[in-house]
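These are the residues of each chain, in order.
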Amino acid sequence: MNVWIEAARPRTLPAAVAPVLVGTAAAQRFLPMRFAGALTVALAIQVGVNYANDYFDGTKGVDSEHRMGPRRAVASGLVAPSAMRVATGLAFGVAALAGLALALVAGIELLIVGALCFLAALGYSGGPRPYGSAGLGELFVFVFFGLVATAGSAYVQIEELTSTAAVSAIPIGLLATAILVANNLRDLPTDADAGKVTLAVRLGRERTTTFYRALVFGGFPFLVLLAGLTESAWPLIAFVALPLTLPLYRGVRRDDPAGLVRVLAGTARLELGFGILLAVGLWVA
């Protein structure tokens, strides 16, 4: 696989696609260029976050030779740190250009949201006090890859916030957070050794496993609320994704890095499947 594609961590990209699909469907209006702009922003920020994390963890020694899971480009020597910095800047540059175009047509206030997204993206593993090492990564993922991304995608379509978009953002945020929890659960031993105190390190394996399961299942009850808000049973179609949770429920229990890699990928597939089904349900409703 091309090293840049590998470093972009394709398994995590559903966390960028799902909120745009759901937010656009919740808007009940479809402007193709605005949808394309929102999707470009979301994907570019996700890739930029992954590149930045690869760079900072590689240069800080967090990604050591003892780390389990997919290799990291900088830590393995496949990509020079300077090249990864440039790639990170290019990814964020694409997001900034697409975001600026959206702001010009949907509202200048989106520039403030975009600036906060960039600060959050860089602050996860960069800077003197990265919040990912303070156990706050999950909170920021829920806010920015759930609430902001979903409600923001609806906003660029209709230029207002709605209760349907806000409620739809919650299950998407929970599943995006579950992806990060699965990642940090896999990396728990090496993160602890490197001094990266993620929430998984703080909680320990048992409580992190329970937290992960709560995130995976926690979004489904909101489908009932959405059915009430839309006065339609169609949002309930996302319950079709429920069987995808079963192998994740079992797999996350195993203290097996390779198995947790599969759990991470399965969680991303769950979010994408759930998001597609919910988007269909909201659009038909």
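(A) Quick look at helix 5 (residues 110-123). Across its 14 residues, helix 5 extends 20 Å between first and last C-alpha, which sits within 8% of the 20 Å expected from 1.5 Å per residue. All buried positions along helix 5 are accounted for by Leu110, Cys117, Ala120, Ala121 and Gly123. Contact partners of the buried residues in helix 5: helix 3 (32-60), helix 4 (81-106) and helix 6 (137-158).

(B) Geometry of the nonpolar core. If you look at the biggest cluster of nonpolar residues, it comprises 67 residues, and the most contacted ones within it are Ile45, Leu110, Tyr212, Val263, Phe274 and Leu278. Sort the elements by how many residues they give to this core and helix 7 (residues 163-186) lands first, with 12 residues. In contact with Val263, not counting residues within four places along its chain, are Ala182, Tyr212, Leu248, Gly251 and Val252. Grouped together as the second largest cluster of nonpolar side chains are 13 residues, Ala7, Tyr51, Ala52 and Phe56 included.

(C) A look at the packing of aromatic side chains. This structure, assessed with the given rule, holds 10 aromatic pairs. Ring centres 5.7 Å apart and planes at 75° place the aromatic pair Trp4 and Tyr51 in the edge-to-face group. Linking Trp4 in helix 1 (residues 3-7) with Tyr51 in helix 3, this pair joins segments that are 47 residues apart in sequence. The exposure class of Tyr51 is buried, given its relative accessible area of 9%. With centroids separated by 5.1 Å and ring planes inclined at 70°, the aromatic side chains of Tyr55 and Phe56 adopt a geometry described as edge-to-face. Judged by its relative accessible area of 15%, Tyr55 falls in the buried class. Here the aromatic residues Tyr124, Tyr131, Phe140 and Phe144 are joined through ring pairs into a cluster of three or more.

(D) Geometry of the pattern of salt bridges. In total, this model carries three salt bridges according to the counting rule given. Between Asp187 and Arg186 there is a salt bridge, with its nearest N and O atoms 2.9 Å apart. Measuring nitrogen to oxygen at the nearest pair gives 2.9 Å for the salt bridge that ties Glu206 to Arg253. Linking Glu206 in helix 10 (residues 205-218) with Arg253 in the loop between helix 12 (245-251) and helix 13 (257-284), this pair joins segments that are 47 residues apart in sequence. Taking relative accessible area as the criterion, Glu206 reaches 48% and is therefore assigned partly exposed. With a relative accessible area of 46%, Arg253 lands in the partly exposed category.

(E) Highlighting the side chain of Asn183. Summarising the element assignment, Asn183 is placed in helix 7. Residue Asn183 is classed as buried on the basis of its relative accessible area, which comes to 14%. When sequence neighbours within four positions are dropped, the list of residues in contact with Asn183 reads Arg72 and Leu264.

(F) Representation of the packing of helix 6 against helix 7 in the model. The contact between helix 6 and helix 7 brings their axes to 7 Å, and the two run at 145°. Note that helix 6 runs across helix 7; the crossing there is right-handed. Residues Gly137, Glu138, Val141, Phe142, Phe145, Gly146, Leu147, Thr150, Ala151 and Ala154 of helix 6 lie in contact with helix 7, whose contacting residues are Ala165, Ser168, Ala169, Ile170, Ile172, Gly173, Leu174, Ala176, Thr177, Leu180, Val181 and Asn184. For the contact of helix 6 with helix 7, the residue count by class is 14 nonpolar, seven polar and one charged.

Calculation rules
Residues numbered from 1 in each chain as written. Predicted model: local features only at pLDDT ≥ 70, side-chain atom pairs only at ≥ 80, totals over all residues. Heavy atoms only, no water. Helix = DSSP H or I, 4+ residues; strand = E, 2+ residues; numbered from the N terminus. Expected span 1.5 Å × (residues − 1). Buried < 20%, exposed > 50% of the residue type's maximum accessible area, 1.4 Å probe, protein only. Contact = heavy atoms within 4.5 Å. Core = buried A, V, L, I, M, F, W, Y, C linked by side-chain atoms within 4.5 Å. Phe/Tyr/Trp six-rings, centres within 6.5 Å; stacked < 30°, edge-to-face > 60°. Salt bridge = Lys/Arg side-chain N within 4 Å of Asp/Glu carboxyl O. Axes fitted to C-alpha atoms, helices over the stretch in contact; angles between N-to-C directions. Left-handed = near helix turned anticlockwise from the far one by under 90°. Nonpolar A, V, L, I, M, F, W, Y, C, P; charged D, E, K, R; others polar.

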